[in-house]
Amino acid sequence: MSSVSAHVAHALSAHLDHVFGVMGNGNAHFLDAVERHPSMSFTAVRHEAGGVVAADAHHRASGRLAAATATYGAGFTNTLTALAEAVQARVPLVLVAGDEPTIGRRPWDVDQIALASAVGARTFTVGRTDVAATTVLAVEHALARRTAAVLAIPYDVAALEAGEPEDAPPLRLPAPLAPAGEFAAHAVAELARALAGARRPFLLAGRGAWLSGASEALGELAAATGAITASTALGRGIFPDARFDLGVAGGFGAPRAMELVREADVAVVFGASLNQFTMRFGELFAPGTRIVQVDVAATATHPHVGDYLRGDAAIVARALVAELAATGAAASGWRESIAVESLRTQESGAAEAGGMAGDGRLDPRTVAARIAELLPEDRVVVSDGGHFIGWANMYWPVASPDRMIMVGTAFQSIGLGFPSVPGAALARPESTIVLTTGDGGGLMAMADLESAVRTAGGRGLAVVWNDAAYGAEVNLYGLKGLAEGPMLIPEADFAQAARAFGAQGVVVRELADLEALAEWAARPARERPFLLLDCRISGLVIAPYQREIIRVNS
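Just so you know, these numbers come straight off a predicted model, no measurement behind them.

**Focus on the overall build of the protein**
Then step 1. Summing up its helical and strand segments, the protein has 22 helices and 18 strands in all.
Then step 2. Taken over C-alpha atoms, the radius of gyration comes to 24 Å for the protein, in line with the 24 Å a tight globule of 554 residues would show.
Then step 3. If you line up the protein on its principal axes, its C-alpha atoms span 70 × 65 × 50 Å.
Then step 4. The proportion of buried residues among the 554 residues of the protein is 58%.
Then step 5. For the protein, restricting intrachain contacts to residue pairs at least 6 apart in sequence, the fraction spanning at least 24 positions comes to 77%.
Then step 6. Counting every atom, the protein has about 21600 Å² of accessible surface; 53% of that belongs to carbon and sulfur.

Encoded structure:
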């Protein structure tokens, strides 16, 4: 005989193999079942938010369904920021949580269904006789809608005997959205004609295009049209031919590359929401550019979009390639006329001054460029939120979108960096996991520095951009004259904290200190510890994307 919790674990095992979280009274029986299950494993983190974050990062790096667990009450409320991020970032995630007993709420219980609903997550509550069906409904909801679902186990139900577990019913998931009907066929043909007639065609792709598996088709479309390409921050590396790719579009883009984008006469956007940062607050494209968006959203997501074609990015891209071939369209030749590689160069910073800014602290641009030279090629970059997010996106290339993981940006949160490392490390056991975080977010997530060190070991590297401040707030509100006291942080010694958890910690005060990274990278991963670089950077250097925010909000 098996318990309700064991039935939940058995039903989930058909769809995932890993769970992250923190054990408590409400999920103890579930975790016992996971530990005993032959095809499932559990990784502990040190804060409940970290469990959801690690699961989120695991999905983004692997493409597999994310799973986390927490107890009821305070354990559940601790997950809410990370749960909101998963919902807004459209991450399919199941949070298995303990809940109040069926006989009523205790003094330490809260209305978890209402709290989950408030951040956009639906709750599915299991009973003694419907465990498999309810679990499958939660999994279907998460996968079909690309969102987070809570699978609640009431406290007085968790250990009840439920008989022998049965195979769960199969999932029923929607097929990729294909343009259908005469109107859609005409729209595809019209877009193909526009691309064929464009003198300066431009293709932009985001994470949605990557999730649809559109990379190869987009490469064929770029070749067929002679288009210059670029991606959003979360779609970085999606185009297979880097020779004609400008890198990241928007505030993270190189200045000369973004100037070229404004020369495009026809721009087609695949699987990107065109948020304010990608669109450079409305200035990415020049007036007169014909902008066409291809997405599965109900309508266009930016007012500058002139034409909208609803459909899966891969399906539409393949249809456009076929239409261009059928009509004998020739490539524009634009991309062969441009020395694209020279346009991707970012600002060098204070390299000629030994890397030092005017206040005697390191210029983060110079530090980022030097780190890029030393990083192992096979890497996954995970990013916390904060002013510093520009440095990794601008200076550290990655091979594909599932190797640049930014948990927190959808919900504009910080403090989710260190717990992202375990999820990425277990999803990519062959790669180096590189965390980029600030001192504000790093201090907020300090409990899961231990988790990062324990799970990534010698494949883990953390770069802490330590400017003794909440840099984004100083740059926006400090410049407006608001009191800076609440925006400042006493300089913390992250290197010393890392050593306490068994890592190698290095304070980086000058460029020569980065030789520790060179030495670390030269050693086999199994022979080296986790490395944390505590980079003491200047607050005087403002990232270009942040300057755009300042301009808009001035």
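**Some details on the sheet that holds strand E15 (residues 432-438)**
Then step 1. The 6 strands lie next to each other as E14-E13-E15-E16-E18-E17, forming an open sheet whose pairing is parallel. Two strands close off the open sheet at either side, each with one partner strand: strand E14 (404-406) and strand E17 (504-508). Across this sheet, the average inter-strand angle for adjacent strands is 15°, counted without regard to direction.
Then step 2. Sheet topology places E17 next to strand E18 (residues 531-536); 5 bridges connect them, and they run parallel. Opposite valine 507, over in E18, you have aspartate 534 as the bridge partner.

**What to know about the pairing of strand E8 (residues 228-231)**
Then step 1. Because side chains alternate across E8, one face comprises the buried residues Ile228 and Ala230, and the other comprises Thr229 and Ser231, equally buried.
Then step 2. As judged from the 4 bridges shared by strand E7 (residues 201-205) and E8, these two strands associate in the parallel manner. From the neighbouring strand, alanine 205 faces E8, where its bridge partner is serine 231.
Then step 3. In this sheet, strand E9 (residues 245-248) lies alongside E8 in parallel orientation, the contact comprising 2 bridges. Looking at the pairing, threonine 229 lines up with aspartate 245 of E9.

**Observations concerning the pairing of strand E2 (residues 41-44)**
Then step 1. As judged from the 4 bridges shared by strand E1 (residues 18-21) and E2, these two strands associate in the parallel manner. Opposite phenylalanine 20, over in E2, you have threonine 43 as the bridge partner.
Then step 2. In this fold, E1 hands off to helix H2 (residues 28-36), which returns the chain to E2; that crossover is right-handed.

**A few points about unusual backbone geometry**
Then step 1. Its identity as a non-glycine residue notwithstanding, arginine 90 has a phi of 60°, on the positive side.
Then step 2. Residue classification places arginine 90 among the partly exposed residues on the basis of a relative accessible area of 41%.
Then step 3. With a phi close to 55°, leucine 274 is a non-glycine residue in the positive phi region.
Then step 4. Along the chain, leucine 274 turns up in the loop between strand E10 (266-270) and strand E11 (290-295).

**Section: the nonpolar core**
Then step 1. By size, the foremost hydrophobic cluster in this structure holds 55 residues, and its most contacted members are Leu93 and Leu95.
Then step 2. Examining the composition of this core, we find that 7 residues originate from one element, helix H3 (residues 48-62), more than from any other.
Then step 3. The contact partners of leucine 93, leaving out residues within four places of it in the chain, are Val52, Ala55, Asp56, Leu65, Ala66, Leu83, Ala86, Ala142, Thr147, Ala148 and Ala149.
Then step 4. Core analysis: the second largest hydrophobic core is formed by 39 residues, Trp391, Leu461, Trp465 and Ala516 among them.

**A closer look at the packing of aromatic side chains**
Then step 1. For the structure shown, the criterion picks out 5 aromatic pairs.
Then step 2. Between tyrosine 72 and tyrosine 155, the ring centres sit 5.7 Å apart and the planes meet at 90°, which makes this aromatic pair edge-to-face. Of the two residues, tyrosine 72 is situated in the loop between strand E3 (66-70) and helix H4 (74-77) and tyrosine 155 in the loop between strand E6 (148-154) and helix H8 (181-197); the sequence distance between them amounts to 83 residues.
Then step 3. Residue classification places tyrosine 72 among the buried residues on the basis of a relative accessible area of 10%.
Then step 4. The class of tyrosine 155 is partly exposed, set by a relative accessible area of 40%.
Then step 5. Measuring from ring centre to ring centre gives 5.3 Å for phenylalanine 252 and tyrosine 545, while their planes differ by 75°; the resulting arrangement is edge-to-face. One end of the pair, phenylalanine 252, is in the loop between E9 and helix H11 (255-261); the other, tyrosine 545, is in helix H22 (residues 544-553), with 293 residues separating them in the sequence. By the burial criterion, phenylalanine 252 is buried, and tyrosine 545 matches it.
Then step 6. The ring of tyrosine 72 carries the charged tip of arginine 106 above its face, separated from the ring centre by 4.4 Å.
Then step 7. Directly above the aromatic system of tyrosine 155 lies the positively charged group of arginine 106, at a separation of 4.8 Å from the ring centroid.

Reading the values: the criteria
- Residues numbered from 1 in each chain as written.
- Predicted model: local features only at pLDDT ≥ 70, side-chain atom pairs only at ≥ 80, totals over all residues.
- Heavy atoms only, no water.
- Helix = DSSP H or I, 4+ residues; strand = E, 2+ residues; numbered from the N terminus.
- Rg over C-alpha atoms; globule rule 2.2 N^0.38 Å.
- Buried < 20%, exposed > 50% of the residue type's maximum accessible area, 1.4 Å probe, protein only.
- Contact = heavy atoms within 4.5 Å.
- Areas by Shrake-Rupley, 256 points an atom, 1.4 Å probe, with all protein chains shown as cover.
- Pairing = 2+ DSSP bridges.
- Axes fitted to C-alpha atoms, helices over the stretch in contact; angles between N-to-C directions.
- Right-handed = clockwise from strand over helix to strand, strands pointing away.
- Core = buried A, V, L, I, M, F, W, Y, C linked by side-chain atoms within 4.5 Å.
- Phe/Tyr/Trp six-rings, centres within 6.5 Å; stacked < 30°, edge-to-face > 60°.
- Lys NZ or Arg CZ within 6 Å of the ring centre and 35° of its normal.

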